[in-house]
Every structure is written in structure tokens, then in C-alpha cells.
Amino acid sequence: MRAVTRTRVAATVGVLAITCLLTVPTAAFAKGPGGSQFDVEGDNQKDGGKTLESRIVYSGSTGGSKGTHSGGFTPVGDWFPPACWYEPKWTPDEFAKEFQKDWDIPNASGVGEAYNLAKEHYKNGQPYKDFNKSETGKGMWWDAVRDKNREESGDPAAFACDTATFWVKNGETPNVKNAVTPEILAQLAYSRIKVPETEITLAPQNITKVNLPTWAWLDRATFKDVSVTAALDVAGLNISATTTAKPVSLKLEPGTSDAETYPASGECRLNDDDSIGSPYAKGKAGQIPPCGIKYLRSSGDGTYKLRATITWAVSWTGTGGAGGDLPDGTFGTTQDITVQEIQSVNR
């Protein structure tokens, strides 16, 4: 831990334009002043209580309670929720303790000089004196937070928040990109949405015949909106945002080119009652399903992988009447379909 912290301080002071530190190696996975890794689950007991975790609390369809939810809800297009952001982290006393613990800095390779310069910045009055303890209760130290999964995957976006730890007075919004706001909270809530792993209903179910239209549908009762709320209440900052995903369409991909979809695009839109498609019933054997598929060739000894992808329209509302739309999200599931040669009709 100490070696990692030392290198990170060099990176932090580099943000303060200390040219002599440019040759000091940096570490992306460090904890320490200006580069701590918050836990994005809002669990302040993580890491043995040694560091404060993210102050953001999430609730709603996060998949953290009973029920089966997906972990693959992804945005359409090139947009992604923030991989890093800034939020209040330390009181003056907390920052002082975090800054000073575990330090044993050698005067070599510029690391000791980096630490001394950081002390000048935060402790010795250039510009902050004694970690701003005289301002206790009037503000907090803000620091970067990184999405753990994207950090561990090496996503460069997770390391874009490289501004050194900075002081913010209560009630003020810092002029720093990705400083937490209701909109940032909405985007972070987006990244935590877990939608139900909904399996479409088919008729015939799982085993069908060549040239026999297979009906597909989703009932409104099992096809509902989901939402996640992200809230932050600390240091005079009390903001929240709720991000809601509403299912809007179902796209069918047969798993083979030897098939036709209904409609031809394979995308089945919501009905007026917010269901998709229409259940098969006796007497419909000669009809074309509003949502479905027809296989033109047998699957032989294997199966076709029918992929059903649901598109969700996403919007948000937040503190102060803020709100708007976010990019659509999708989630797909795959079902094995056996297609037999014998031709028949539903009765």
C-alpha cells in the first residue's frame, strides 16, 4: 500500500504543475490524497473502514435484492455513463489523517520532494493551511471517484479525473468537469440499472416446424418500467436523481439467415396496452403473427439461437425540477429453438 501511495502522490502533485515530478512513475489503482478509489456501491463499511467510501446511495432496480436481474443493460451508440466523477469525501480532520498516515517518504527519485510540495499545498498555507481545519463545518474536500469495474478493466475514461483534491464550500458547485450534479447522479444511476431477464413467450414453445409461423409476445404484467435513484446528502449538498427505463420494443434475431421475421424488420413495437405482440390462440393458425418468426430450414440435430433484444427508452428527473432523456438501453437474451422438418399447423 505504501509504495502505491507514494507513486500516486507524484501524480497528484503533477496536477499542480510540478515539472520536476514528470519522470516519477504513476499508479492508477492507488489510495491517497488526490487519487483515492471510492467504492461505488455506497457502502461506507468497505475496506475495513480505513477510508471513506462513495457517499452516493443507490436504490431501486439495482439487482441487489430478491429476483433475477440482468447485468448487461448497455447504452445504444457511443455514449457511456461517467467512468469517474468528483464528490465530497473528507472533512478537514479526515483529510489530515488520510494524508499523513502510512507515509515514509524517501528523498529519492523526486518522491520525497513531491510529498513536501504536497504538504506546502495542503498544510503549510500555499494555498491551504492545516488542511483547512479552520473551515471545519463550512465545506469539505472533494476527490475523484472511479467506477471500479471500468478501472479494473483499464478503461482510460476511468482515469480522466486527475484534478488534485480540492476544497469546496458548503452549498457551492465546483467548476470542475464531472463534479457531481443531479445530471451526473442520473447518469450514474443509469449504469446501475438491472432489467428483468425476460424470456419471451413463443407458440410453439422451443420446438417448431419448418414454414410454421411462431408467435412471440410479452405481456404487460411481466414487462414493466424499472428505475434507480441515486442520492447524495453531505456537506450542505442534498441532491438526487431518478433514472427510469421504459421498454419500447422487442427485436428478434432468428440465429440463421434461413428465416423470416414478423414484421420484416424483426422489431416489434409496444401495443397501446404496453404489451408486445399478441398471444397465440386457437383459430389463429392461418394468421400472420404481429410479432414472430418463421424458420425455412430444419435445425437438424442442433438448435438455432433465437436472440430477443429489448430496447428501453431512458429518462431522468432530479432535484430542482431538472430532467431529460438519456440514450436508449438494450438487453438481450438467447433461447434455443429446435426446428423440425415435419410440417404442421397450430390447432
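Scroll up to find the structure this text is about.
Below or above, wherever it landed, is the structure these notes cover. Note on numbering: residues in each chain are counted from 1, in written sequence order. Given that this is a predicted model, residues contribute local features only at a pLDDT of at least 70 and side-chain atom pairs are listed and counted only at 80 or more, while totals for whole chains, interfaces and linings are drawn from all residues. The side-chain numbers reported here are obtained from all heavy atoms of the structure, hydrogens and water having been left aside.

### A look at unusual backbone geometry
Moving on, step 1. Here the amide bond leading from glutamine 126 into proline 127 is cis, since omega sits at 5°, within 30 degrees of zero.
Moving on, step 2. Secondary structure elements follow DSSP: runs of H or I of four or more residues count as helices, runs of E of two or more count as strands, with numbering from the N terminus. Examined against the element boundaries, proline 127 turns out to sit in the loop between helix 3 (111–122) and strand 4 (139–146).
Moving on, step 3. In this chain, tyrosine 262 is followed by proline 263 through a cis amide linkage whose omega measures -5°.
Moving on, step 4. Positionally, proline 263 belongs in the loop between strand 11 (259–262) and strand 12 (267–269).
Moving on, step 5. We note that phenylalanine 131 has phi near 60°; this positive angle belongs to a residue other than glycine.

### A closer look at the pattern of salt bridges
Moving on, step 1. Salt bridge criterion: a side-chain nitrogen from Lys or Arg within 4 Å of a carboxyl oxygen from Asp or Glu. Scanning all chains against the criterion turns up 10 salt bridges.
Moving on, step 2. Notably, a salt bridge pairs arginine 297 with aspartate 258, separated by 3.1 Å at the nearest N-O pair. Remark: aspartate 258 occurs in the loop between strand 10 (237–253) and strand 11 and arginine 297 occurs in the loop between strand 14 (292–295) and strand 15 (304–318); sequence separation between them is 39 residues.
Moving on, step 3. In the salt-bridge network here, residues are joined through shared partners; they are Asp93, Asp130 and Lys133.

### Digging into the sheet that holds strand 3 (residues 84–90)
Moving on, step 1. Strand pairing is assigned whenever DSSP identifies at least 2 bridges connecting the two strands. Spatial ordering of the open sheet is given by 3-4-5, a layout of 3 strands whose pairing is antiparallel. Each edge of the open sheet carries a strand with a single partner, namely strand 3 and strand 5 (166–169). Ignoring which end each strand starts from, the neighbouring axes of this sheet average 45° apart.
Moving on, step 2. Pairing of strand 3 with strand 4 involves 6 bridges; the strand directions are antiparallel. Counterpart to tryptophan 90 in the pairing with strand 4 is tryptophan 141.
Moving on, step 3. Any two residues having at least one pair of non-hydrogen atoms within 4.5 Å are treated as being in contact. Axes, fitted as lines to C-alpha atoms, cover a helix only where it is in contact. Angles between the N-to-C directions of the axes lie from 0 to 180 degrees. Contacts from helix 2 (residues 92–100) reach strand 3, strand 4 and strand 5, with the element oriented near 105° to strand 3.

### Structural notes on the state of the cysteines
Moving on, step 1. Any two cysteine sulfur atoms within 2.5 Å of one another count as a disulfide. With the rule as written, the count across this model stands at 2 disulfides.
Moving on, step 2. Linked covalently through their sulfurs, cysteine 84 and cysteine 161 form a disulfide whose S-S length is 2.1 Å. Classification of the bridge connecting cysteine 84 and cysteine 161 rests on its S-S torsion, roughly 85°, and on that basis the disulfide is right-handed. Separated by 77 residues along the polypeptide, cysteine 84 in strand 3 and cysteine 161 in the loop between helix 4 (148–152) and strand 5 bring together distant segments of the chain. Note on accessibility: cysteine 84 and cysteine 161 belong to one class, buried.
Moving on, step 3. The disulfide bridge from cysteine 268 ends at cysteine 291, spanning 2.1 Å between sulfur atoms. As the torsion about the S-S bond is roughly 85°, the cysteine 268-cysteine 291 disulfide counts as right-handed. Of this pair, cysteine 268 sits in strand 12 while cysteine 291 sits in the loop between strand 13 (276–277) and strand 14; the two residues are 23 residues apart in sequence, bridging distant segments of the chain. Only protein chains enter the accessibility calculation, which uses a 1.4 Å probe; a residue is then buried when its area is under 20% of its type maximum, exposed when over 50%, and partly exposed in between.

### Here we look at the packing of aromatic side chains
Moving on, step 1. Only Phe, Tyr and Trp rings are paired, with Trp represented by its six-membered ring, and only when their centres lie within 6.5 Å; those with planes under 30 degrees apart are stacked, over 60 edge-to-face, the remainder tilted. Taken as a whole, this structure holds 17 aromatic pairs when the rule is applied.
Moving on, step 2. Taking 6.3 Å as the distance between ring centres and 10° as the angle between the ring planes, the aromatic pair formed by tyrosine 122 and tyrosine 128 counts as stacked.
Moving on, step 3. For tyrosine 128, a relative accessible area of 18% puts it in the buried group.
Moving on, step 4. Here the aromatic residues Trp90, Phe95, Phe99, Tyr122, Tyr128, Phe131, Trp141 and Trp167 are joined through ring pairs into a cluster of three or more.
Moving on, step 5. Cation placement over rings: the criterion is NZ of Lys or CZ of Arg within 6 Å of the ring centroid and within 35° of the ring normal. Sitting above the plane of the tyrosine 58 ring, arginine 192 keeps its charged end 4.2 Å from the centroid.

### Some points on the environment of lysine 89
Moving on, step 1. Position of lysine 89 among the secondary structure elements: in strand 3.
Moving on, step 2. Overall, lysine 89 belongs to the buried group, its relative accessible area being 1%.
Moving on, step 3. Sequence spacing of lysine 89 and arginine 55 is 34 residues, and the spatial spacing of their C-alpha atoms is 7.4 Å.

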